[in-house]
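Architecture and fold: a report
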Amino acid sequence: MKKVHVDVAVIGGGPAGLAAALAARSEGAEKVLIIERNTELGGILQQCIHHGFGLHRFKEELTGPEYAQRFVNLVKDTDIDVLLETMVLEVTPERKIYAVNSENGMLEITAKAVVLAMGCRERTRGALRIPGGRPAGVYSAGTAQRYVNIDGYLPGKRAVILGSGDIGLIMARRFTLEGAKVEAVVEVLPYAAGLTRNVVQCLEDFDIPLYLQSTVIEIHGTKRVEGVTIAQVDADWNPIPGTERKIECDTLLLSVGLVPENELSSQAGVAIDSITNGPIVDDSMMTSVSGIFACGNVLHVHDLVDNVSKESERAGRYAGRFALGTNNSVPRRVKVQAGNNIRYVVPHEVSSTEPVEFFMRVQRPEDDVVLDVGGLRRIRKASVRPSEMLDVKITPEQLQNLEGDTLIMQIIPQKEA
Amino acid sequence: MDKAKKSTITAQVVIVGGGIIGTAVARELSRYELDVLLIEAEAEVGWGTTKANSGIVHGGFHEEPGTLKAKYCFSGNQMYPKLCEELDVCFEQNGIMMVARTPHEMETVRLYYKRGKERGVNVQLFSQEEVARQEPNLDPKIVGALFAPEGGAVMPFELAAALMENAIQNGVKYKMNTTVIDAWREGDKKYLETPEQIIRADYVVNAAGLFSDDLARMFGDDYFSIRPRKGEEYIFDLSVKDFVKSTIFPVPGKISKGILVIPTAAGNLMMGPTGDNVEEKEDLGTSQDGFNRVFEGAKRLVPSLDARKIIAQFAGVRAASDRGDFIVELSPNVPGLLHLAGIESPGLTAAPAIAADVPGLLEEAGLQLEEKQSFNPRRAGVVRFNSLSREEQDALVKKNPSFGRIICRCESITEGEIVDAIHRGARTLDGIKFRVRAGAGRCQGGFCQPLITQILSRELDIPVTAVTKAGPGSEQVRYVAKELYDEEVR
Ligand SMILES: Cc1cc2nc3c(=O)[nH]c(=O)nc-3n(C[C@H](O)[C@H](O)[C@H](O)COP(=O)(O)OP(=O)(O)OC[C@H]3O[C@@H](n4cnc5c(N)ncnc54)[C@H](O)[C@@H]3O)c2cc1C
Ligand SMILES: Cc1cc2nc3c(=O)[nH]c(=O)nc-3n(C[C@H](O)[C@H](O)[C@H](O)COP(=O)(O)OP(=O)(O)OC[C@H]3O[C@@H](n4cnc5c(N)ncnc54)[C@H](O)[C@@H]3O)c2cc1C
């Protein structure tokens, strides 16, 4: 078995892994290695051929592959090692990585620091328990996206999309552009789950109906999907009798959420937050296992890749320092807590040595509110939406003013604030 | 096609149906110098009830004394370890526990204990403390249990595929995607009509599962019928695999064994099945109501089960006979026709024992049996990358690089294993999923389906648009991108 020693090993070569590797290298880590199972770098962005990436970072509207390529080019200009078509099978708490590829066989990689950047997977039909048969023609939206954008095949010609997540909205437009008919997008919530921009550009512009507070209650067909029955739901998401309607279609796409891929992390003993389904991290993006860091969609599901890059640079920087042994000692630990109408906050814990950026999501939509950052900062917001991640920065100086060692993040109505 | 236009082929013994029963019979008959043909309607064997059940190798203490179920279940159980060893099929002998929630139920458990003892089943009685020690996640209210350590779990589809592979290796012929649409007798000969051909046989084994009464009726045998009874099952993610060690049964109700919590041979935990009489033999839908009943039942055994960990669901239909027992007998009306019908639960367990009786029954009907010297009970071993040590994996990849390419990332299944499955007979995405479990994990094929579609297309040398989930009509992707814009012009 081939044995390799590196300073920083990055698992996953998507935007998170690329940014982390670059930052670790700039920080001075000598041997940085990216391990990626696909045939090329770029992660899921390679199949996101629509535009709308990089508005924040590059002040330009790029496609997914274009955005990825900017980082891939930067990596190429360095001496960062890249192993492609290589799958990581195991990470130990001692930071030994077992990875396999057809050229080298099994590799045992010992790393001073590890960055987890494995991304996420899509929630499946089984997780939803949609009743009915199990014919061909049911795909998660990302799988369909890959079939169309990478492989060049169109799964079917009449589609219903369950879930109004961004990937589903994007695929509604893609199917239409490919010549297929999208009969409906069906969403259980009273509002669209994806970005408003995508609702407008992908549904409204193409006259695709969006049915809110509705769901698919049955899939018809034995060999191939022949149709679905949809119905309106009550406040508890139970179908309302009498509102059922059958729609004929040969394809059902599911866009019902993403789940961070943390099987490797759990194996390594990394503690997982049951709300984000990602690791619990401090503001250096270090997990509960010393020397193992996490960033990107493996940490929590992002809707903008620009945020992924930012967060991952932080992880890479600290991983680099950890490998070099130059990590600052931590004077004080502050726990971060989700308060009123906050579903989760990342990072989960902060020290007060450097400015820190918090990413969070709300539980439900609310207008005219104030985001209260542990009493240290108060930011007025016209509206907050679960689909739109909030971010806020705190400086060490501001953190000094915190009483106690818990920082509560909360949303309060403007009139109470 | 018109009957008259169809060509006629002949075979000494024709087995109709490639479920666990048909494939076990095929392998059993391949021990003899015979010309055997198996006919299966689906694209691959094992796609009937055999692929959709609980996968439990029952202990043999449940069944009423004096029934064929009792006879074949216990002897089938005893044959499993050797059979699975010969065929290199997973058999987890993890035991079966029937638990009592009240002292009153414990009385019933004692009756099953007595029944098992009398039959020769290895059974033990557990106190409340012993139950809690062995299965700490069970409801603490459980007062005691019966434990049968020789019960276990298999992957039924894997077993059926392995039986078929071994039968073929020993000379059995087969036709897949071939439905028997009519059948009749002329003198000693039996005729089976398929959409393409007519097959003339000396002996016919009816192993058509849910449709065994229909096949019997084609021959004029209408003295039994099948009453389909559906069972829904729900599968959990591997992350909760260690919740229970053995299959947990409640005290059974009148017609079914109740809702169970099952550690499957694949490692996932499963709960089910329901038992509902249905009109349609092919009613494989799952339902919210079914889920509610299963979840409620399972939580009575293991209260901490979390519905959010469910990754898949399915339903299977039991082919219960109107006799309430298995039908294993020569037709009283058609000489040389053997019915293996009404093989509902515990049919999977019973299959090897039923099959072992088939040569004798056919001999009774006049078939001459001569043992085949060249019979080989073993099939070529299967590589399971996941179960090898890191060193073994390393060595394997160096020998064959395709084992270094992981295709299914949830279950770590390699391209080598998928190609091997295709060479052993897999033709479809479901066939691969059931054989090597690629796509059976938590992402349910989201990542690997497109890759497996490509591999099937390459290995079978068919267009990507001809790759199916489960046979003709279930094409995975229907069109080449932009094809819908193409228009015929003159
Ligand atoms: C189907 C889909 C479509 C999306 N569409 C959009 C969109 O249109 N717009 C948008 O802003 N965001 C979109 N997102 C979100 C987008 O994924 C993130 O913004 C960003 O790509 C996340 O980057 P990442 O590096 O964390 O994850 P990914 O891009 O998923 O990269 C993770 C990488 O890790 C690799 N990997 C995983 N496990 C292993 C292992 N064990 N060994 C080796 N390598 C491994 C994977 O192959 C992958 O390349 C989409 C996400 C998905 C899943
Ligand atoms: C929910 C459920 C749970 C169960 N759990 C267990 C368990 O834990 N343990 C256990 O021992 N048993 C269990 N069983 C029972 C077990 O699954 C069955 O007894 C067994 O699979 C029956 O196998 P078979 O070969 O008779 O039928 P099948 O597997 O249905 O095979 C019959 C085959 O015949 C083919 N066929 C039918 N008609 C024709 C035709 N005209 N021409 C050509 N081919 C035809 C079909 O396509 C099919 O492949 C369970 C059953 C169910 C439904």
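Residue positions are counted from 1 within each chain, in the order its sequence is given. Each chain is given a letter, starting from A, and each ligand a number, starting from 1, according to the order in which they appear as written. Given that the model is predicted, a residue must reach a pLDDT of at least 70 before its local features are reported, and side-chain atom pairs must reach 80 or more before they are shown or counted; all residues, however, enter totals for whole chains, interfaces and linings. Just so you know, side-chain values use all the structure's heavy atoms and leave hydrogens and water out.

Points about the packing of aromatic side chains
So the rule is basically this: To pair, rings of Phe, Tyr and Trp, with the six-membered ring standing in for Trp, must have centres within 6.5 Å; the planes then decide the type, stacked if under 30 degrees apart, edge-to-face if over 60, and tilted in the middle. Each helix is a run of H or I in the DSSP string that is no shorter than four residues. Each strand is a run of E no shorter than two, and both are numbered from the N terminus. Relative accessibility thresholds used throughout: buried, under 20% of the residue-type maximum; exposed, over 50%; partly exposed, between the two (1.4 Å probe, protein chains only). Only when the NZ atom of a Lys or the CZ atom of an Arg is both within 6 Å of the ring centre and within 35 degrees of the ring normal do we say a charge sits over the ring.
Across all of its chains, the model carries 12 aromatic pairs over all chains by this definition. Seen in terms of ring centroids, F58 of chain A and Y67 of chain A are 5.5 Å apart; in terms of plane orientation they differ by 65°. Their pairing is edge-to-face. Seen from their ring centres, Y234 of chain B and F291 of chain B are 5.2 Å apart, and the 75° between their planes marks the pair as edge-to-face. With Y234 of chain B in strand β13 (residues 226-236) and F291 of chain B in helix α7 (residues 288-301), the pair connects residues that are 57 residues apart, well separated along the chain. No difference in accessibility class separates Y234 of chain B from F291 of chain B, as the two residues are buried. What links up through ring pairs into an aromatic cluster is the set F58, Y67 and F71 of chain A. For the cation-ring pair, R37 of chain A lies above F447 of chain B, with the distance from its terminal atom to the ring centre recorded as 5.9 Å. The ring of F447 of chain B carries R409 of chain B above its face, with NZ or CZ at 3.7 Å from the centroid.

Structural notes on the pairing of strand β16 (residues 269-272) of chain B
All names here are of chain B. Note the following rule: At least two DSSP bridges between two strands are required for those strands to pair.
Going residue by residue along β16, you find L269 and M271 tucked away on one face and M270 and G272 tucked away on the opposite face as well. Both β13 and β16 contribute to a ladder of 2 bridges, which runs antiparallel. Paired with I235 across the two strands is M270, which belongs to β16. Where strand β15 (residues 260-263) meets β16, 4 bridges bridge the pair, whose relative direction is antiparallel. Paired with I262 across the strands is M270, a residue of β16. Between β15 and β16, which follow one another and run antiparallel, lie 5 residues, and G267 among them has a positive phi close to 110°.

Some points on the site of ligand 1
Keep this limit in mind: Residues are classed as near a molecule or strand on a simple rule: at least one heavy atom within 4 Å of it. The definition of a polar contact used here is a pair of N or O atoms within 3.5 Å, where within protein one atom must be able to donate a hydrogen and the other to accept one, and adjacent residues in sequence count solely through side-chain atom pairs. Values of accessible area rely on a 1.4 Å probe in the Shrake-Rupley scheme; residue burial ignores everything except the protein chains shown. In the scheme used here, Gly and all other residues not listed as nonpolar or charged are polar, with Ala, Val, Leu, Ile, Met, Phe, Trp, Tyr, Cys and Pro taken as nonpolar and Asp, Glu, Lys and Arg as charged. The split into domains, and so the bounds of each, comes from an automatic or database assignment of domains.
As a structural note, the neighbourhood of ligand 1 is formed by 34 residues, with A16, E36, I44, H50 and N297 of chain A the closest of them. Surrounding ligand 1 are residues belonging to chains A and B, so the site spans chains. Separating an oxygen atom of ligand 1 from a backbone N or O atom of A16 of chain A is a distance of 2.9 Å. Coverage of ligand 1 by the protein chains reaches 94% of its 960 Å² of free accessible surface. Counting only elements with at least two residues in the shell around ligand 1, the list comes to α1 (15-26), β6 (87-91), α4 (141-151) and α8 (305-324) of chain A. Taken together, the residues that form the shell around ligand 1 break down as 17 nonpolar, 13 polar and 4 charged. Counting contributing residues per domain, the shell around ligand 1 is built from domain 1 (1-121 + 258-327) and domain 2 (124-256) of chain A, each supplying no fewer than three.

Overview of the site of ligand 2
Residue and element names in this part refer to chain B. As a matter of local geometry, ligand 2 sits amid 39 residues, with E40, T50, I56, I343 and T349 nearest to it. For ligand 2, a nitrogen atom lies 2.9 Å from a polar atom in the backbone of V180. G347 places a main-chain nitrogen or oxygen 3.4 Å from an oxygen atom of ligand 2. Coverage of ligand 2 by the protein amounts to 95% of the 1,000 Å² it exposes when considered alone. Among the secondary structure elements, those contributing two or more residues to the shell around ligand 2 are α1 (20-29), β13, β18 (310-321) and α8 (347-364). Shared between two domains, the shell around ligand 2 holds at least three residues of each, these being domain 1 (3-49 + 157-225 + 323-364) and domain 2 (90-153 + 227-318).

What about the state of the cysteines?
Residue and element names in this part refer to chain B. Quick reminder of the rule: Two cysteine sulfurs form a disulfide in these notes if their separation is within 2.5 Å.
All chains considered together, the criterion is met by 0 disulfides over all chains. With no disulfide of its own, C73 lies 14 Å from the sulfur of C84, the closest cysteine sulfur. Cysteine C408 remains unbridged, with the sulfur of C448 as its closest cysteine sulfur at 4.5 Å. For C408, a relative accessible area of 2% gives the class buried.

Here we look at helix α2 (residues 68-87) of chain B
Just so we agree on the cut-off: Throughout, bend refers to the angle between the axes fitted to the seven residues that end at a position and the seven residues that start at it.
The largest bend along α2 of chain B reaches roughly 40° and is located at Y80 of chain B, with the proline P81 of chain B sitting one to four residues downstream. Downstream of α2 of chain B by a residue or two, D88 of chain B has a phi angle that is positive, lying close to 55°.

A closer look at the interface of chain B and chain A
As a reminder of what qualifies: What makes two residues a contact is simply this: any of their non-hydrogen atoms within 4.5 Å. Buried area is calculated as the accessible area (1.4 Å probe) missing from two parts once they are joined, with the contributions of both summed. Should a side-chain nitrogen of Lys or Arg be within 4 Å of a carboxyl oxygen of Asp or Glu, the pair is scored as a salt bridge.
Each partner contributes residues to the interface: chain B has 56 residues there, and chain A has 50 residues. For the pair chain B and chain A, the summed buried surface comes to about 4,500 Å²; carbon and sulfur atoms form 53% of the total. In this assembly, chain B and chain A are joined by 5 salt bridges. A salt bridge links K223 of chain A to E42 of chain B, with the nearest nitrogen and oxygen atoms 3.7 Å apart. Our enumeration of links across chain B and chain A arrives at 21 residue pairs in polar contact (both at pLDDT 80 or more). Elements that contribute at least two residues to the side of chain B that touches chain A include exactly α7, β18, α9 (390-399), α12 (449-460) and β23 (479-480) of chain B. Class assignment of the residues belonging to the side of chain B that touches chain A gives a composition of 26 nonpolar, 18 polar and 12 charged. Direction of pairing for strand β11 (residues 153-154) of chain A relative to β23 of chain B: antiparallel, over a ladder of 2 bridges. When the bridges of β23 of chain B are listed, Y153 of chain A appears paired with V480 of chain B.

Quick word on the domain arrangement of chain A
Residue and element names in this part refer to chain A. Examined at the domain level, chain A breaks down into domain 1 (1-121 + 258-327), domain 2 (124-256) and domain 3 (329-417). Computed from C-alpha atoms alone, the centre-to-centre distance between domain 1 and domain 3 is 26 Å. In this assembly, 21 residues from domain 1 lie in contact with 20 residues from domain 3. With both chains or domains summed, domain 1 and domain 3 bury close to 1,600 Å², and 47% of this area falls on carbon and sulfur atoms. Between domain 1 and domain 3 we count 5 salt bridges in total. Residue R333 is joined to D282 by a salt bridge in which the shortest nitrogen-to-oxygen separation is 3.2 Å.

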